[in-house]
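# Notes for the structure review
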Amino acid sequence: WRYFDTRKMSLLISIGVFIGLGLLVKSFLFFIYPVILLYILILWRQKKCSFTNGIKIIAIVGITSLLVYSPWLIYTSVNGGPNQAQSQWEQFTGKVSWDPNYKPPPFYFYFSQLPNLLTWPVLICSLAGIFYSFKNIRDKTLIPIIWLVVFILLVSVMGYKETRFMTYLVPGFVIFSVAGI
């Protein structure tokens, strides 16, 4: 959101570089693209961002992050490494090649695992903070709200579920638990 205050191109490029570096660590970070897109659409609807400026933001962040991520993709595809698209598709459908007996858990699996991930006091403070933030939505609380909602929905739709995939939600819940206190 600082870009909208300063209009510095270096902020967009640095966001793209950090997303690209994050993709090198975990390809799960591809879920950040819908968050950015939804955030820009909300700002566009609120007349805080023009359509062409939103396209420019998405293009710069997307191209920069893919430029950082692409050497690894090229290296693995040339040297017979894992096929990222196939691996992601297997996880999405729940038909994983390494375990033919895997049975996907239900849609609400991640919601039922929240107390195990956060502990009850942090979860209660987070829910209070989320409720407070929904009542008083500001630009700074909009990104964490979108992050939590989009991420939980996307991973819940996926067929392959593990509790460790929820660790990406911890920073968002920490932000809201502070707001809830």
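Data block above holds the structure.
This one's a predicted model, so the numbers in the text were calculated from it and none came from an experiment.

Criteria and thresholds
- Residues numbered from 1 in each chain as written.
- Predicted model: local features only at pLDDT ≥ 70, side-chain atom pairs only at ≥ 80, totals over all residues.
- Heavy atoms only, no water.
- Helix = DSSP H or I, 4+ residues; strand = E, 2+ residues; numbered from the N terminus.
- Buried < 20%, exposed > 50% of the residue type's maximum accessible area, 1.4 Å probe, protein only.
- Contact = heavy atoms within 4.5 Å.
- Areas by Shrake-Rupley, 256 points an atom, 1.4 Å probe, with all protein chains shown as cover.
- Axes fitted to C-alpha atoms, helices over the stretch in contact; angles between N-to-C directions.
- Parallel < 35°, antiparallel > 145°, perpendicular 65-115°, else oblique.
- Nonpolar A, V, L, I, M, F, W, Y, C, P; charged D, E, K, R; others polar.
- Phe/Tyr/Trp six-rings, centres within 6.5 Å; stacked < 30°, edge-to-face > 60°.
- Core = buried A, V, L, I, M, F, W, Y, C linked by side-chain atoms within 4.5 Å.
- Left-handed = near helix turned anticlockwise from the far one by under 90°.
- Polar contact = N/O pair within 3.5 Å; in protein donor to acceptor, adjacent residues only side chain to side chain.
- Expected span 1.5 Å × (residues − 1).
- Bend = angle between axes of the 7 residues up to and from the residue.
- Patch = residues over 30% accessible without salt bridge, like charges linked within 9 Å, V, L, I, M, F, W, Y side chains within 5 Å.
- Salt bridge = Lys/Arg side-chain N within 4 Å of Asp/Glu carboxyl O.

### With respect to the overall build of the protein chain
Looking only at helices and strands, one finds nine helices and zero strands in the protein chain. Put simply, the protein chain has 181 residues, and 36% of those count as buried. Residue pairs in contact within the protein chain that sit at least 24 positions apart in sequence constitute 77% of those at least 6 positions apart. For the protein chain, the computed accessible surface area is about 10,900 Å², with 70% contributed by carbon and sulfur atoms.

### Brief notes about the packing of helix 6 (residues 109-118) against helix 7 (residues 120-135)
Contact geometry for helix 6 and helix 7: axes closest at 6 Å, N-to-C directions at 120°. The angle between helix 6 and helix 7 falls in the class oblique. Note on element contacts: helix 7 touches helix 6 through Trp-120, Val-122 and Leu-123, opposite Leu-114, Pro-115 and Leu-118. Taken together, the residues of the contact of helix 6 with helix 7 sort by class into six nonpolar, no polar and no charged.

### Structural notes on the packing of aromatic side chains
Evaluation of the coordinates by the stated rule reveals two aromatic pairs. When the centroid spacing of 5.2 Å and the interplanar angle of 70° are considered together, the rings of Phe-109 and Tyr-110 count as edge-to-face. Both residues of the pair, Phe-109 and Tyr-110, count as buried.

### Looking at the nonpolar core
One broad rule of soluble globular proteins: the nonpolar side chains tend to lie buried together. Residues Phe-28, Leu-169 and Phe-173 are the most contacted members of the largest nonpolar core, which totals 20 residues. Of all the secondary-structure elements, those providing two or more residues to this core are helix 6, helix 7, helix 8 (139-157) and helix 9 (170-180). The element contributing the most residues to this core is helix 8, with five residues. Not counting residues up to four positions away in its chain, the partners in contact with Phe-28 are Gln-91, Phe-151, Val-155, Met-158, Phe-165 and Tyr-168. Leu-12, Leu-43, Tyr-69 and Val-150 belong to the second largest nonpolar core, which has 16 residues in total.

### Some words on the packing of helix 2 (residues 9-25) against helix 4 (residues 51-78)
Packed helices, taken two at a time, are described by the angle between their axes plus the distance between the axes. Where helix 2 meets helix 4, the closest approach of the two axes is 7 Å, and the angle between their N-to-C directions is 35°. For the pair helix 2 and helix 4, the sense of crossing is right-handed. Across the interface between the two elements, Met-9, Leu-12, Ile-13, Ile-15, Gly-16, Val-17, Ile-19, Gly-20, Leu-21, Leu-23 and Leu-24 from helix 2 touch Lys-56, Ile-57, Ile-60, Val-61, Thr-64, Ser-65, Val-68, Tyr-69 and Trp-72 from helix 4.

### Here we look at the side chain of Lys-161
Tracing the chain through its elements places Lys-161 in the loop between helix 8 and helix 9. Here Ser-156 takes part through its backbone oxygen, which lies 3.0 Å from a polar atom of the side chain of Lys-161. With near-sequence residues (within four places) excluded, Lys-161 lies in contact with Tyr-102, Pro-105, Pro-106, Phe-107, Phe-109, Tyr-110, Val-155 and Ser-156.

### Points about unusual backbone geometry
Unusually for a residue other than glycine, Thr-119 sits at a positive phi of about 70°. Among the structural elements, Thr-119 can be located in the loop between helix 6 and helix 7.

### Concerning the environment of Lys-161
On the basis of relative accessibility, which here comes to 7%, the residue Lys-161 falls in the buried class. In this structure the C-alpha to C-alpha distance between Lys-161 and Gly-94, which are 67 residues apart in sequence, comes to 8.0 Å.

### Observations concerning helix 4
Two residues of an α-helix separated by three or four positions point the same way, owing to the 3.6 residues in each turn. For helix 4, built from 28 residues, the straight-helix expectation of 40 Å at 1.5 Å per residue is met to within 8% by its first-to-last C-alpha distance of 38 Å. Its axis deflected by about 40° at Tyr-69, helix 4 carries its strongest bend there, up to four residues before the proline Pro-71. Where helix 4 is concerned, the buried positions are Asn-53, Gly-54, Ile-57, Ile-60, Val-61, Gly-62, Thr-64, Ser-65, Tyr-69 and Thr-76. In the segment just after helix 4, Gly-80 is the residue with positive phi, at about 75°.

### Re a nonpolar patch on the surface
Taken together, the side chains of Trp-89, Phe-92, Phe-107, Tyr-108, Phe-111, Phe-134, Val-149, Leu-153 and Val-157 define a hydrophobic patch exposed on the protein surface, amounting to about 930 Å² of accessible area. Sorting the residues of the nonpolar patch by element identifies helix 5 (84-93) and helix 8 as the ones contributing at least two each. Broken down by element, the residue count for the nonpolar patch peaks at three residues, all from helix 8. Here Val-149 lies in helix 8.

Function cannot be read off these values alone, since they describe shape.
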